[in-house]
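# Analysis of the macromolecular model
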Amino acid sequence: MPLAAGAQAADGGAAGFATKAAQAYMIEASTGTVLLAKNEDQGFSPASLAKLMTMNLVFDAVTKGQITLDTEYPVSEYAWRTGGAPSRTATMFAALKSRVRVEDLIKGVAIQGANDSCIILAEGMAGSEQQFAESMTRRAREIGMDKAVFGNSTGLPDGKSKVTAREMVTLAAALQQSYPNLYPYFALPDFEWNKIFQRNRNPLLGLDLGADGLATGFTEGEGYSIVASVQRDGRRLFLALAGIASDKERTEEAKRVLEWGLTAFENRQIFAEHEVIGAASVYGGTARTVDLIAKAPVSVYIPVSNPDRLSARIVYRWPLTAPVPPDYQAGTLRIFAGSRLLREVPLYTAQAVGEGSLSSRAVDAMLELGESLFFSWLWEKSAPG
């Protein structure tokens with residue numbers, strides 16, 4: 001069937017687990033299994049969570065050699081007043097008209113959530129914070145954040161910045177997986193600048209969870225939020241929570257959700273590497289179908305107790321048109337536990353299918369026409385009158 005619709009992950013999680021957060025999303029990193037989903041595509045103001053996208057752009061520039069950790073940027077009056085000591089917001093206390101190394105600015109953002117650090121980096125890299133914010137939104141699209149909008153580098157109220165819990169997990173995973181040499185800045189315990197000592201603002205780092213990032217936020221009227229990552233016993237989880245009533249409740253809820261994610265699931269392999277998972281129809285080829293495989297073993301995390309029944313669906317644009325090359329990404333495997341979409345896996349053709357003879361293509365054309373008319377008739381019969 002052409003592009004069958006995928007199920008939406010139900011509110012809450014497996015085995016009736018519920019969260020106090022208004023928006024929530026958590027995945028297991030190695031498989032991408034969705035462990036918890038609640039209003040995960042509902043937009044909210046990122047507040048200081050926006051700084052994670054600032055770090056993404058900075059990490060990317062350092063990795064590509066466009067800047068170095070020793071590159072220095074000046075502290076403008078705008079950066080100092082908006083995000084520095086006079087602002088009475090989170091700050092690294094960079095001195096007006098001084099110059100600060102990129103590495104120290106990274107520490108200011110990753111450890112303290114410093115607004116002056118963000119603005120100094122934005123102005124230094126892009127010429128203005130506005131231009132940098134436009135780059136943030138473009139970067140969001142590049143890494144799969146289709147809805148996110150960033151109006152500034154800090155997350156300070158601007159009336160237009162929006163993200164979703166799903167997108168913030170996507171961003172957290174991109175930071176950890178794409179920049180493994182820079183990601184550890186998020187777990188540093190403290191940082192001192194201008195003789196002012198400050199501890200890491202992440203409340204999870206000292207709780208023996210295995211937490212190693214990332215950021216917290218607060219927006220008036222929307223509540224408290226957090227994006228977190230933990231690694232323990234060979235398992236890494238990424239979590240985003242938003243719309244929580246208090247700072248204390250945010251810490252307690254994040255800890256509770258992560259502990260559940262670390263202990264309530266087990267890994268189950270459902271397909272081996274290069275195992276034939278299904279077949280796709282081919283139009284006008286030397287064969288009517290082509291086998292579909294995944295390039296790696298396909299595993300999911302399922303609840304240890306009361307597991308939901310697993311099911312899977314292959315989705316592709318029907319039919320493929322010959323010639324079809326080998327190793328061509330032809331579709332997606334969608335895996336469900338009950339009605340919850342757990343993960344999606346790209347599927348590739350296992351072999352080539354050449355172009356068929358003129359007579360075989362004519363037969364396929366008639367079959368395709370008949371099937372198209374049949375599906376069209378089904379659609380008309382099922383459409384509301």
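Residues numbered from 1 in each chain as written. Predicted model: local features only at pLDDT ≥ 70, side-chain atom pairs only at ≥ 80, totals over all residues. Heavy atoms only, no water.

Right, let's talk about the packing of aromatic side chains for a bit. All chains considered together, the criterion is met by seven aromatic pairs. For the ring pair Phe17 and Trp260, a centre distance of 3.9 Å and an interplane angle of 5° mean the geometry is stacked. You can see Phe17 sitting in the segment before β1 (23-28) and its partner Trp260 sitting in helix α7 (residues 247-263), a full 243 residues away along the chain. A ring pair is formed by Phe59 and Tyr179, whose centres lie 6.0 Å apart and whose planes are at 70°; its orientation type is edge-to-face. (Phe/Tyr/Trp six-rings, centres within 6.5 Å; stacked < 30°, edge-to-face > 60°. Helix = DSSP H or I, 4+ residues; strand = E, 2+ residues; numbered from the N terminus.)

As a volume, the second largest pocket reaches approximately 700 Å³. What lines the second largest pocket is a set of 38 residues, among which Ala47, Ser48, Lys51, Gly217 and Phe218 lie closest to the centre. If you list the elements that add at least two residues to the lining of the second largest pocket, you get α1 (51-63), α3 (102-112), β7 (211-219) and α7. Here the residues of the lining of the second largest pocket sort into 15 nonpolar, 15 polar and eight charged. (1 Å grid on protein atoms, 1.4 Å probe; cavity = no way out; pocket = protein on both sides within 12 Å on 5 of 7 lines; lining within 4 Å. Points joined across faces, edges and corners; volume = space filled by probe spheres on them. Nonpolar A, V, L, I, M, F, W, Y, C, P; charged D, E, K, R; others polar.)

So, on to the sheet that holds strand β11 (residues 276-283). Taken together, the six strands give an open sheet; going across it, the order is β14-β16-β17-β12-β11-β15, and neighbouring strands pair in mixed fashion. In the strand order of this sheet, the two ends are held by β14 (310-316) and β15 (320-321), each with one partner. With seven bridges connecting them, β14 and strand β16 (residues 329-337) associate as antiparallel partners. Paired with Ser311 across the two strands is Phe336, which belongs to β16. (Pairing = 2+ DSSP bridges.)

On to helix α6 (residues 165-178), then. Its 14 residues place the ends of α6 20 Å apart at the C-alpha level, agreeing with the 20 Å of an ideal helix rising 1.5 Å per residue. With respect to burial, α6 is a largely interior element, ten of its 14 residues being buried. Of the positions making up α6, those classed as buried are Ala165, Glu167, Met168, Val169, Leu171, Ala172, Ala173, Ala174, Leu175 and Gln176. Structurally, α6 contributes buried residues whose contacts are with β1, α1, β7, β8 (223-232) and β9 (235-244). (Expected span 1.5 Å × (residues − 1). Buried < 20%, exposed > 50% of the residue type's maximum accessible area, 1.4 Å probe, protein only. Contact = heavy atoms within 4.5 Å.)

On to the pairing of strand β5 (residues 190-193), then. Of the pairings in the sheet, the one linking β5 to strand β6 (residues 196-199) comprises four bridges and is antiparallel in character. Residue pairing in the sheet places Asp190 in a bridge with Arg199 of β6. Counting the residues that bridge the hairpin from β5 to β6 gives two residues, and of these Asn194 lies at a positive phi of roughly 50°.

For the rest of this paragraph, the subject is the sheet that holds β9. With respect to topology, five strands assemble into an open sheet ordered β2-β1-β9-β8-β7, the strand pairing being antiparallel. Strands with a single pairing partner mark the edges of an open sheet, and in this sheet they are β2 (34-38) and β7. Sheet twist, expressed as the average angle between the axes of neighbouring strands with direction ignored, equals 5°. Relative to β8, β7 runs antiparallel, the two sharing eight bridges. When the bridges of β8 are listed, Thr216 appears paired with Ile226. The strands touched by α7 within the sheet are β1, β2, β7, β8 and β9, with β9 carrying the most contacts at an inclination of about 150°. (Axes fitted to C-alpha atoms, helices over the stretch in contact; angles between N-to-C directions.)

Okay, the nonpolar core next. In terms of nonpolar packing, the biggest core is built from 62 residues, with Leu52, Met55, Met145, Phe150, Met168, Leu175 and Phe186 touching the most fellow members. For Leu175, the residues in contact, after removing those within four places along its chain, are Leu52, Met55, Asn56, Phe59, Tyr183 and Phe186. Judged by nonpolar contacts, the second largest core, of 24 residues, contains Ala228, Val230, Ile244 and Leu262. (Core = buried A, V, L, I, M, F, W, Y, C linked by side-chain atoms within 4.5 Å.)

Turning to empty space enclosed by the protein, a few remarks are in order. Under the counting rule described, the total for this entry stands at one cavity of 30 Å³ or more. Taken as a whole, the largest cavity encloses approximately 60 Å³ of empty space. Of the residues assigned to the lining of the largest cavity, the class counts are five nonpolar, seven polar and one charged.

Quick look at the pattern of salt bridges now. Evaluated as defined, the whole model comprises 19 salt bridges. Between Glu259 and Arg232 there is a salt bridge, with its nearest N and O atoms 3.1 Å apart. With Glu259 in helix α7 and Arg232 in strand β8, this residue pair connects regions lying 27 residues apart in the sequence. Given a relative accessible area of 24%, Glu259 falls into the partly exposed group. By sharing partners, the salt bridges in this structure join Asp60, Lys64, Arg139 and Glu142 into a single network. (Salt bridge = Lys/Arg side-chain N within 4 Å of Asp/Glu carboxyl O.)

Our next topic: the environment of Phe93. The residue Phe93 is located in the loop between α2 (77-83) and β4 (99-101) in this model. In this structure, the C-alpha to C-alpha distance between Phe93 and Lys195, residues 102 residues apart in sequence, is 9.4 Å. Residues contacting Phe93, with those up to four places away along its chain left out, are Ala85, Asp116, Trp193, Asn194, Ile196 and Gln198.

A word on the packing of α1 against α6. Two elements in contact, α1 and α6, have axes separated by 10 Å at closest approach and are oriented at 30°. One element, α1, and the other, α6, form an angle in the roughly parallel class. As α1 runs across α6, the sense of the crossing is left-handed. When α1 is examined against α6, the residues Leu52, Met53, Met55, Asn56 and Phe59 are found in contact with a partner set consisting of Met168, Leu171, Ala174 and Leu175. Counted by class, the contact of α1 with α6 contains eight nonpolar, one polar and no charged residues. (Parallel < 35°, antiparallel > 145°, perpendicular 65-115°, else oblique. Left-handed = near helix turned anticlockwise from the far one by under 90°.)

None of the figures reported here should be taken as evidence of function without further support.
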